[in-house]
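Listed below are the residues making up each chain.
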2 protein chains.
Amino acid sequence: MITCSLDPKSRVTLCDQLFEALRAEIGAGGIKPGERMPSKRQLAQHLSISTATVEAAYGRLTSEGWCESRPRSGMYVCERLPGAKAVAQKEETPVRWDFSTGAADAAHFPYATWARLMREVLSEQSASLLLSGDPQGAPALREEIAGMMRRLRGVDVPPSCIVLGAGTEVLVSALVALIGRDRLFAVEDPGYSRVRRILVASGARIAPIPLSDGAIDVRALYTSGAGAAYVTPSHQFPTGVEMTAQQRGALLRWARETGGVILEDDYDSEFRFHGVGAPALRALSDGEPVVYMNTFARTLAPGLRLSFMALPPELVPRYRAMHAACSVPGFEQETLRKFIAGGYLERHIARMAVVYRGRLAAIERGAAELGLGEVAPCGAGLHALLTVGGKTPAQELAPRAAKAGVRLTRLCDYGVMQMERGGERIVLLGFAGMDEAEIADGLAALRRAWMA
Amino acid sequence: MITCSLDPKSRVTLCDQLFEALRAEIGAGGIKPGERMPSKRQLAQHLSISTATVEAAYGRLTSEGWCESRPRSGMYVCERLPGAKAVAQKEETPVRWDFSTGAADAAHFPYATWARLMREVLSEQSASLLLSGDPQGAPALREEIAGMMRRLRGVDVPPSCIVLGAGTEVLVSALVALIGRDRLFAVEDPGYSRVRRILVASGARIAPIPLSDGAIDVRALYTSGAGAAYVTPSHQFPTGVEMTAQQRGALLRWARETGGVILEDDYDSEFRFHGVGAPALRALSDGEPVVYMNTFARTLAPGLRLSFMALPPELVPRYRAMHAACSVPGFEQETLRKFIAGGYLERHIARMAVVYRGRLAAIERGAAELGLGEVAPCGAGLHALLTVGGKTPAQELAPRAAKAGVRLTRLCDYGVMQMERGGERIVLLGFAGMDEAEIADGLAALRRAWMA
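Numbers given to residues run from 1 along each chain, matching the order in which its sequence is written. Note on labels: chains are lettered from A, ligands numbered from 1, in written order. With the structure being a predicted model, the display of local features is reserved for residues of pLDDT at least 70 and the display and counting of side-chain atom pairs for 80 or more, all residues being used for whole-chain, interface and lining totals. Remark: hydrogens and water are excluded; side-chain values derive from all non-hydrogen atoms of the structure.

## Brief notes about the overall build of chain A
Note the following rule: Numbering of helices and strands starts at the N terminus; helices are DSSP runs of H or I of at least 4 residues and strands are runs of E of at least 2. Only C-alpha atoms enter the radius of gyration; for comparison, a globular chain is expected to reach 2.2 Å times N to the power 0.38, where N is the number of residues. Note on contacts: a residue pair is in contact if any heavy atoms of the two residues lie within 4.5 Å. Computed by Shrake-Rupley with a 1.4 Å probe, the accessible areas treat only the displayed protein chains as cover when residues are assessed. His is not counted here, nor are the chain ends, while Lys and Arg score as positive and Asp and Glu score as negative. Positions of charges follow a simple convention, taking NZ of Lys, CZ of Arg, CG of Asp or CD of Glu.
Of the regular secondary structure elements, chain A holds 16 helices and 16 strands. Here chain A has a C-alpha radius of gyration of 23 Å; the compact-globule value for 452 residues is 22 Å, and the two agree. Across its three principal directions, the C-alpha atoms of chain A cover 70 × 55 × 45 Å. In chain A, of all internal contacts separated by at least 6 residues, the share reaching a separation of at least 24 is 72%. As displayed, chain A has an accessible area near 18,000 Å², and 51% of this comes from carbon and sulfur atoms. Across chain A, 52 positive and 49 negative side-chain charges occur, with their mean positions spaced 3 Å apart.

## Let's talk about the sheet that holds strand β16 (residues 426–430) of chain B
All names here are of chain B. The cut-off we apply is this: At least two DSSP bridges between two strands are needed for those strands to be called paired. Here, axes are lines fitted to C-alpha atoms. For helices the fit covers the stretch in contact, and angles between N-to-C directions go from 0 to 180 degrees.
Spatially, four strands are ordered β12-β13-β16-β15 in an open sheet, and the strand pairing comes out antiparallel. Only two strands of the sheet have a single neighbouring strand rather than two, namely β12 (373–375) and β15 (409–410). Pairing between β15 and β16: two bridges, direction antiparallel. Counted as the bridge partner of T409 is L428 from β16. Together, β12, β13 (383–388) and β16 form the strand contacts of helix α14 (residues 344–370), whose direction differs from that of β12 by roughly 155°.

## With respect to the relation of the copies chain B and chain A
Here is the rule we go by: The atoms used to superpose the copies are C-alpha atoms, taken from residues with pLDDT of at least 70 in both, and the fit is least squares.
Of the two same-sequence chains, chain B is brought onto chain A (RMSD 0.1 Å, axial shift 0.0 Å) by a rotation of 180°. When the rotation and shift are considered jointly, the pair of chain copies conforms to a two-fold rotation axis.

## Digging into the interface of chain B and chain A
Counted only if it meets this: When two parts are put together, the accessible area they lose, computed with a 1.4 Å probe and summed over both, is reported as buried area. Salt bridges are defined as contacts in which a side-chain nitrogen from Lys or Arg sits within 4 Å of a carboxyl oxygen from Asp or Glu. Think of a polar contact as two N or O atoms within 3.5 Å of one another; within protein, one of them needs to be a possible hydrogen donor and the other a possible acceptor, and neighboring residues in sequence only count if both atoms come from side chains. Lys, Arg, Asp and Glu make up the charged group, whereas Ala, Val, Leu, Ile, Met, Phe, Trp, Tyr, Cys and Pro make up the nonpolar group; the residues left over, Gly among them, are polar.
Taken together, the 52 residues of chain B in the interface contact 52 residues of chain A. With both sides pooled, the region where chain B packs onto chain A buries about 4,100 Å², and carbon together with sulfur makes up 61% of that total. For the chain B face of the interface with chain A, the top three residues by lost area are Y111, L122 and L130 of chain B, together amounting to 18%. Our count for the chain B to chain A interface comes out at two salt bridges. Close ionic contact of D182 of chain B with K32 of chain A constitutes a salt bridge, the shortest N to O distance being 3.2 Å. In this structure, the connection of chain B to chain A is made through 18 residue pairs in polar contact (both at pLDDT 80 or more). Mapped onto the side of chain B that touches chain A, the elements with two or more residues apiece are α5 (111–124), α7 (168–179), α8 (193–201), α12 (316–322) and α13 (330–341) of chain B. Looking at the side of chain B that touches chain A, the element that brings in the most residues is α5 of chain B, giving seven residues. Among the residues forming the side of chain B that touches chain A, the class breakdown is 29 nonpolar, 13 polar and 10 charged.

## So, the nonpolar core
Put simply, the test is: Put simply, a nonpolar core is a bunch of buried Ala, Val, Leu, Ile, Met, Phe, Trp, Tyr and Cys residues held in one set by side-chain atoms that sit within 4.5 Å of each other. Between buried and exposed lies partly exposed: a residue is buried under 20% and exposed over 50% of the maximum accessible area for its type, with that area taken using a 1.4 Å probe on protein chains only.
With 146 residues, the main nonpolar core has W114, F331 and W450 of chain A together with W114, F331 and W450 of chain B as its most contacted residues. Residue contacts for W114 of chain A: discarding those within four places in its chain leaves F109, L300, L304, L306, T335, L336 and F339 of chain A together with L122 and F331 of chain B.

## Observations regarding the pattern of salt bridges
Residue and element names in this part refer to chain A. Applying the stated criterion to the full structure yields 40 salt bridges over all chains. Between K338 and E124 there is a salt bridge, and its shortest N-O distance comes to 2.8 Å. Of this pair, K338 sits in helix α13 (residues 330–341) while E124 is found in helix α5 (residues 111–124), placing the two residues 214 residues apart along the sequence. Between E288 and R256 there is a salt bridge, with the nearest N and O atoms lying 2.4 Å from each other. Taken together, the positions of E288 in the loop between α11 (281–284) and β10 (290–295) and R256 in helix α10 (residues 245–258) put the pair 32 residues apart, joining distant regions of the chain. Salt bridges sharing common partners tie together R116, E120, E124 and K338.

## Thoughts on the side chain of T295 of chain B
All names here are of chain B. Relative to the assigned elements, T295 resides in strand β10 (residues 290–295). With relative accessibility at 13%, the residue T295 sits in the buried group. Here the side chain of T295 touches A297 through a polar contact of 2.8 Å, landing on its backbone nitrogen. Polar side-chain contacts of T295 include one of 3.4 Å to the backbone oxygen of L306.

## Re the sheet that holds strand β5 (residues 184–189) of chain A
Residue and element names in this part refer to chain A. Pairing in this open sheet of eight strands is mixed, and the strands run β4-β11-β10-β9-β8-β5-β6-β7 from one edge to the other. Two strands bound the open sheet, and with one partner strand each, they are β4 (162–165) and β7 (215–216). Pairing of β5 with strand β6 (residues 205–212), which is carried by six bridges, proceeds in the parallel orientation. Bridging from a neighbouring strand, F185 pairs with I206 of β6. The strands touched by helix α8 (residues 193–201) within the sheet are β5, β6 and β8 (228–231), with β5 carrying the most contacts at an inclination of about 165°.

## Quick notes on the packing of helix α2 (residues 40–47) of chain B against helix α3 (residues 51–63) of chain B
All names here are of chain B. Definition in use: When an angle is under 35 degrees it counts as roughly parallel; over 145 it counts as roughly antiparallel; between 65 and 115 it counts as roughly perpendicular; any other value is oblique. Each crossing is labelled by how the near helix is turned from the far one, with a counterclockwise turn of less than a right angle marking it left-handed and a clockwise turn marking it right-handed.
Their axes nearest at 8 Å, the elements α2 and α3 cross at an angle of 120°. Relative to α3, the element α2 is oriented oblique. Note on packing geometry: the crossing formed by α2 with α3 is right-handed. On α3, the residues touching K40, R41, L43 and A44 of α2 are T51, V54, E55 and Y58. Looking at the contact of α2 with α3 residue by residue, the classes come out as four nonpolar, one polar and three charged.

## Remarks on a negative patch on the surface
Residues and elements named next belong to chain A. Definition in use: Within the patch definition used here, like charges are joined within 9 Å and nonpolar side chains (Val, Leu, Ile, Met, Phe, Trp, Tyr) within 5 Å, considering only residues with over 30% relative accessible area and no salt bridge.
Taken together, the side chains of D435, E436, E438 and D441 present a region of like negative charge at the surface. Here E438 is to be found in helix α16 (residues 436–451). The exposure class of E438 is partly exposed, given its relative accessible area of 35%.

## Topic: the environment of M75 of chain B
Examined against the element boundaries, M75 of chain B turns out to sit in strand β2 (residues 74–77). When residues no more than four places from it in sequence are discounted, the contact partners of M75 of chain B are E35, R36, M37, Y58, T62, C67, E68 and S69 of chain B.

## Some thoughts on α16 of chain A
Residue and element names in this part refer to chain A. Counted only if it meets this: A helix is expected to reach a length of 1.5 Å times the quantity of its residues less one. Our arc is simply the arc of the directions from the helix axis toward the C-beta atoms.
Taking 1.5 Å of rise per residue, 16 residues should cover 22 Å, and α16 covers 22 Å from first to last C-alpha, within 8% of that figure. Where α16 is concerned, the buried positions are I439, G442, L443, A445, L446, A449 and W450. Along the long axis of α16, the arc covered by the buried residues comes to 160°, so they all point the same way. For α16, the elements touching its buried residues are β3 (97–98), α14 (344–370), β13 (383–388), α15 (397–403), β14 (406–407) and β16 (426–430). Between the side-chain oxygen at the start of α16 and the backbone nitrogen of A437 there is a gap of 3.2 Å, and the oxygen is on D435.

Right, here's the structure in full:
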């Protein structure tokens, strides 16, 4: 049975809250195409709401193509979900300006250096790179990653705790197996929908926990009964808020008192525009189990498929028992090792921080000059939040932008149960994939789309 | 609760069958360290066997370090499992001759060609290779893989059904999510223990199905209630037996009648020493859902992390909805595309088939000359089965070999419930990792270890 915490005090109706929760569950594969939905009466009883509310939510699921009612049998998830249609439609309008948060910068990739190092690796013809190697990744590379974490983030972990993997999907699904499907996985709401989907696909049960002052609500975490919590402390996704020292302390206390495991996704922490940044939870932990996760998708390129995590020492033997091989090719591992050891990674990050600072300024400047609305202060990370002014209805913001060739998302697209107050008018402007001139053009296109 | 089919007619005692099943379950992570085992009475009732049998099996689990009894609380899985100790011990004796089936040949890898193609890829500086790309892998590469499957295996699948992944682990765990954890996954017994472990770690419930005439027993498959079956038809692992046309027909009929999904692992099918080989199940299927799986770990090198599968068309949209990115780096994808398109892969396979045929002959010759025992006819694949003669007790074969610097496994190491008749004296001799001279030396070392 679907479990979700509906908030009767929210300005979003219970019906809409339930609709969003069920749609998210279906989209994530928690209820599969062709599967029967719980009966209205059962679900109403289970969630302590009225049957009329469930009926209204089911009605909206039907009218939007997520479910279908079969006579004398009940409600079923459609075999073809609207997601597939949406993708097809999207391709009709070519995207000229991509403000989506998944975009990446290929133009600044240090191709010459990377290619030179990979040529070196190939010419060394090391036989060991052709074999399966260590399931956590080559020890020499893990040494370099440990050094990098120490220098960039002040996190001190032994290389023996580090695990390399071919992207976030691979690592998160390994974590679900490692930590155990018997635990409930808490996720931030609103939060990173991609990881939410991977958790569900990997067989984890998830509990969306609302934010309180920008960070996961630790009181709600206690009552949820979760045994693990996926969080983005350095730059909450999607709100961009950084977790305070006090909030970090409270979260670690939760882990200590309940034995819960913290999954700390430190994505984008390398790009910081104001202030120093709080230490990572992993650096603050005093024996509480914190899995530190990060990726080279943003600091280098997503197509390299390079991510890593630092496990609590006690989970390492189990990880090694479960995995016979590392998912990253030997040639790439050795190229990355040379790249970090040669100091190229840190130089590249420093260079890109300047580039990204310029782009963020272009967004702030452009939005003000064009009167698009207000840009929230952005301390770190590669997307800004714009509260759109003017009179375009909130639900029209993304479709009108799409028609003008601009791809973007709204803050409310990332919520399961919780709709941020006013979140319907806040759009995310990712600036990893465009230069300053393109950003200016993209903002001008948005002005035409929204303010004309 | 653990479900396993005990065979009262087997020559292996029920106690030993149950011990092996529980040990496999613990080793695979199905019951975790620190977890409580079911009570003796519950388990006996559940499996319809006597409490005394369960008690004896639990006694053996305790004495061999898998479980511990806690006063007034019951039986618990040990926090530190014997597997970890075994690994530590193994490293004490250096391995000079590696007959394990996971070994690979790095010496014959076409380094010059691969390096030249990868340099080409790097010098083209394609920005698209740096981005996430298609979640199934680049369409142009999938075209080449489809062509290769047609030419080498007579399997005709559209490129749109092909999925590339960073190794078997990644693909199998994606398949469990795709097919659904509500289905029971049948596996061959004896069978490929690594895939069994990945299935369990991915949250699948498994049902070990005995072999009948060398192939999965389809009658047992019907009664098991399985909704998916992982099989190795071209070269059953570990017995090496090829599935007959009649057995293939029966298996496809099972899929048709029950809606079960067949996972066909076609590993090692490229290396064939006698006869033509039966067509793949996927080629024979007439709408029955068959997932065809294969890897470049054997035809090229395991360190490249290149595997692929061909999904039934109806599963493709769901796969795409679940995955945002392919786990294989863009540079490697493009290098592999050039490698197949240039005809290098098929030339390399043809060359290696000659090399491997010579090694198999060296095993057959050496075993006969040294009087080690009888080598079973080997039609395909990269390991031979030797029934060891002489008087060394069966359980001493592997330890004595290890002391002499030889790594190998016994057929009975791969069984969950089923011990092949005489399987205790059959050892697997993988010949992928050694040349003919090394094989001869390794066999001489075995003679000294076993026959002295």
